[in-house]
Amino acid sequence: MAWFVLVLSGVLEAVWATALGRSEQFTRLWPSLTFVVALLASMAGLAYAMRELPVGTSYAVWVGIGAVLTVAYAMVTGAEPVSVIKVFLLLGIVGCVVGLKVLH
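Analysis parameters
Residues numbered from 1 in each chain as written. Predicted model: local features only at pLDDT ≥ 70, side-chain atom pairs only at ≥ 80, totals over all residues. Heavy atoms only, no water. Helix = DSSP H or I, 4+ residues; strand = E, 2+ residues; numbered from the N terminus. Expected span 1.5 Å × (residues − 1). Buried < 20%, exposed > 50% of the residue type's maximum accessible area, 1.4 Å probe, protein only. Arc of directions from axis to C-beta. Axes fitted to C-alpha atoms, helices over the stretch in contact; angles between N-to-C directions. Parallel < 35°, antiparallel > 145°, perpendicular 65-115°, else oblique. Left-handed = near helix turned anticlockwise from the far one by under 90°. Contact = heavy atoms within 4.5 Å. Nonpolar A, V, L, I, M, F, W, Y, C, P; charged D, E, K, R; others polar. Salt bridge = Lys/Arg side-chain N within 4 Å of Asp/Glu carboxyl O. Patch = residues over 30% accessible without salt bridge, like charges linked within 9 Å, V, L, I, M, F, W, Y side chains within 5 Å. Areas by Shrake-Rupley, 256 points an atom, 1.4 Å probe, with all protein chains shown as cover. Phe/Tyr/Trp six-rings, centres within 6.5 Å; stacked < 30°, edge-to-face > 60°. Core = buried A, V, L, I, M, F, W, Y, C linked by side-chain atoms within 4.5 Å.

## Some words on helix H2 (residues 29-49)
Thought 1: In this model H2 runs 30 Å from its N-terminal to its C-terminal C-alpha over 21 residues, within 8% of the 30 Å that 1.5 Å per residue would give.
Thought 2: Looking only at H2, the buried set comprises Pro-31, Ser-32, Phe-35, Ala-38, Ser-42, Gly-45, Leu-46 and Ala-49. Along the long axis of H2, the arc covered by the buried residues comes to 165°, so they all point the same way. Facing away from the buried side of H2 by more than 90 degrees, the exposed set consists of Leu-29, Val-37 and Leu-40.

In structure tokens form, the structure reads like this:
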């Protein structure tokens, strides 16, 4: 259960990071509210997962998932340019996250 919650929390990290960018310094209501709700849920899930998983592993997986999804979303929406090298580097992060799960 801790791994499932950790992965979900990583997804929510991408949600709050994207919402933060779209909030335009908290001047837009819905992105600002999305940021707050996703941030609280993401942190709560990370804290829950850390009760059973090592802190370093939990944090690395949480950040890795959040970073990959945030960049992937930005590339899909055209907010960030796509390159083959960038995609391979993101796949490397995914591989490291999977490796941490396998080793645990």
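## Examining the packing of helix H1 (residues 2-22) against H2
Thought 1: Look at H1 against H2: their axes get within 7 Å of each other, and the N-to-C directions meet at 155°. Put simply, H1 runs roughly antiparallel to H2. Between H1 and H2 lies a crossing of left-handed hand. Between H1 and H2, the residues in contact are Ala-2, Val-5, Leu-6, Ser-9, Leu-12, Glu-13, Val-15, Trp-16, Ala-19, Leu-20 and Arg-22 and Pro-31, Thr-34, Phe-35, Ala-38, Leu-39, Ala-41, Ser-42, Gly-45, Leu-46, Tyr-48 and Ala-49, respectively.
Thought 2: In the contact of H1 with H2, the residues fall into 16 nonpolar, four polar and two charged.

## A few points about the pattern of salt bridges
Thought 1: Counted according to the given criterion, the structure contains one salt bridge.
Thought 2: A salt bridge links Lys-86 to Glu-80, with the shortest nitrogen-to-oxygen separation between them at 3.1 Å.
Thought 3: In this structure Lys-86 comes out as partly exposed when scored by relative accessible area, which is 24%.
Thought 4: The partly exposed category is assigned to Glu-80, whose relative accessible area is 26%.

## Examining a nonpolar patch on the surface
Thought 1: A contiguous nonpolar patch, built from Met-1, Phe-4, Val-7, Leu-8, Val-11, Val-15 and Leu-69 and spanning about 620 Å² of accessible area, is present on the exposed surface.
Thought 2: Take the nonpolar patch: its biggest share by element is five residues, from H1.
Thought 3: When you line up the elements, Leu-8 lands in helix H1.
Thought 4: Taking relative accessible area as the criterion, Leu-8 reaches 43% and is therefore assigned partly exposed.

## Some points on unusual backbone geometry
Thought 1: The backbone phi angle of Gln-25 is positive, close to 60°, even though this residue is not glycine.
Thought 2: Along the polypeptide, Gln-25 turns up in the loop between H1 and H2.

## A short note on the packing of aromatic side chains
Thought 1: Within the structure shown, the criterion is met by three aromatic pairs.
Thought 2: Look at Trp-16 and Phe-35: their rings are 5.9 Å apart centre to centre, the planes differ by 80°, and that puts the pair in the edge-to-face class. On the criterion of sequence distance, the pair formed by Trp-16 in helix H1 and Phe-35 in helix H2 is long-range, its members being 19 residues apart.
Thought 3: When its relative accessible area of 15% is taken as the criterion, Trp-16 is described as buried.

## So, the nonpolar core
Thought 1: The biggest cluster of nonpolar side chains holds 14 residues, and the ones touching the most others in it are Trp-3, Leu-6, Trp-16, Leu-53, Val-61 and Trp-62.
Thought 2: When residues in this core are grouped by element, the largest group, five residues, is from H1.
Thought 3: The contacts of Trp-3, once residues within four sequence positions are left out, are Leu-53, Thr-57, Val-61, Leu-100, Lys-101 and His-104.

In short, the description is geometric, and any link to function would need to be established separately.
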